[in-house]
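Here's the letter readout for the chains.
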Amino acid sequence: VQLQASGGGLAQAGGSLRLSCAASGRTFSVYTMGWVRQAPGKEREFVAAINWSGGTTYYTESVKGRFTISRDNAKNTIYLQMNSLKPEDTAVYYCAADKVWVKLSPSYDYWGQGTLVTVSS
């Protein structure tokens, strides 16, 4: 499974960004698609996950109500809509996929390249 993430950038606090992740290859073997982030000097942190077929979602507590994960099966793409951004959301965001449902830890089977999100105060 190959994952291609895009959409990072610079935003002001309170602003919004949308990340995208296109999946290709053996996507039929994937049950969880998710986003994991790593802030400078910190360990990787699970952010959000979605069931590839059913649309069930999970979020880490700190982003609930602000971030929304979604998917477009026709495009084999997932999205992370990030609203009300805070400086503490600054991190490299990784798109990831796993062969089990549900994976709520940052230990996925497949990884895309990271995309940097910087939130200024």
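Nothing here was measured: the structure is a model prediction, and the numbers come from that model.

1. Section: the pattern of salt bridges
Point 1. Following the criterion strictly, the structure yields six salt bridges and no others.
Point 2. Linking Asp 89 and Arg 37 is a salt bridge whose minimum nitrogen-to-oxygen distance equals 3.0 Å. On the criterion of sequence distance, the pair formed by Asp 89 in the loop between strand 8 (77-82) and strand 9 (91-98) and Arg 37 in strand 4 (residues 32-38) is long-range, its members being 52 residues apart. Pair check on accessibility: Asp 89 and Arg 37 agree, each one buried.
Point 3. Lys 103 is the salt-bridge partner of Asp 98, the closest N and O atoms lying 2.9 Å from each other.

2. Side note on the nonpolar core
Point 1. Formed by 30 residues in total, the largest nonpolar core has its most connected members in Met 33, Trp 35, Ile 78, Leu 80, Met 82 and Tyr 93.
Point 2. Among the elements of the structure, strand 1 (2-6), strand 3 (17-24), strand 4, strand 5 (45-51), strand 7 (67-72), strand 8, strand 9 and strand 11 (115-120) are those that each provide at least two residues to this core.
Point 3. Grouped together as the second largest cluster of nonpolar side chains are five residues, Val 36, Phe 46, Ala 49 and Ala 96 included.

3. Quick word on the environment of Pro 87
Point 1. Mapped onto the fold, Pro 87 is located in the loop between strand 8 and strand 9.
Point 2. Note on Pro 87: relative accessible area 34%, which makes it partly exposed.
Point 3. Residues within four places of Pro 87 in sequence aside, it is in contact with Ala 13, Val 119 and Ser 121.

4. A word on unusual backbone geometry
Point 1. Look at the link from Trp 101 to Val 102: it is a cis peptide, with omega at 10°.
Point 2. Structurally, Val 102 can be placed in the loop between strand 9 and strand 10 (110-111).
Point 3. Backbone geometry places Asn 76, a non-glycine residue, at a positive phi of 50°.
Point 4. Looking at the secondary structure, you find Asn 76 in the loop between strand 7 and strand 8.
Point 5. For Asn 76, a relative accessible area of 24% corresponds to the partly exposed category.

Calculation criteria
- Residues numbered from 1 in each chain as written.
- Predicted model: local features only at pLDDT ≥ 70, side-chain atom pairs only at ≥ 80, totals over all residues.
- Heavy atoms only, no water.
- Salt bridge = Lys/Arg side-chain N within 4 Å of Asp/Glu carboxyl O.
- Helix = DSSP H or I, 4+ residues; strand = E, 2+ residues; numbered from the N terminus.
- Buried < 20%, exposed > 50% of the residue type's maximum accessible area, 1.4 Å probe, protein only.
- Core = buried A, V, L, I, M, F, W, Y, C linked by side-chain atoms within 4.5 Å.
- Contact = heavy atoms within 4.5 Å.

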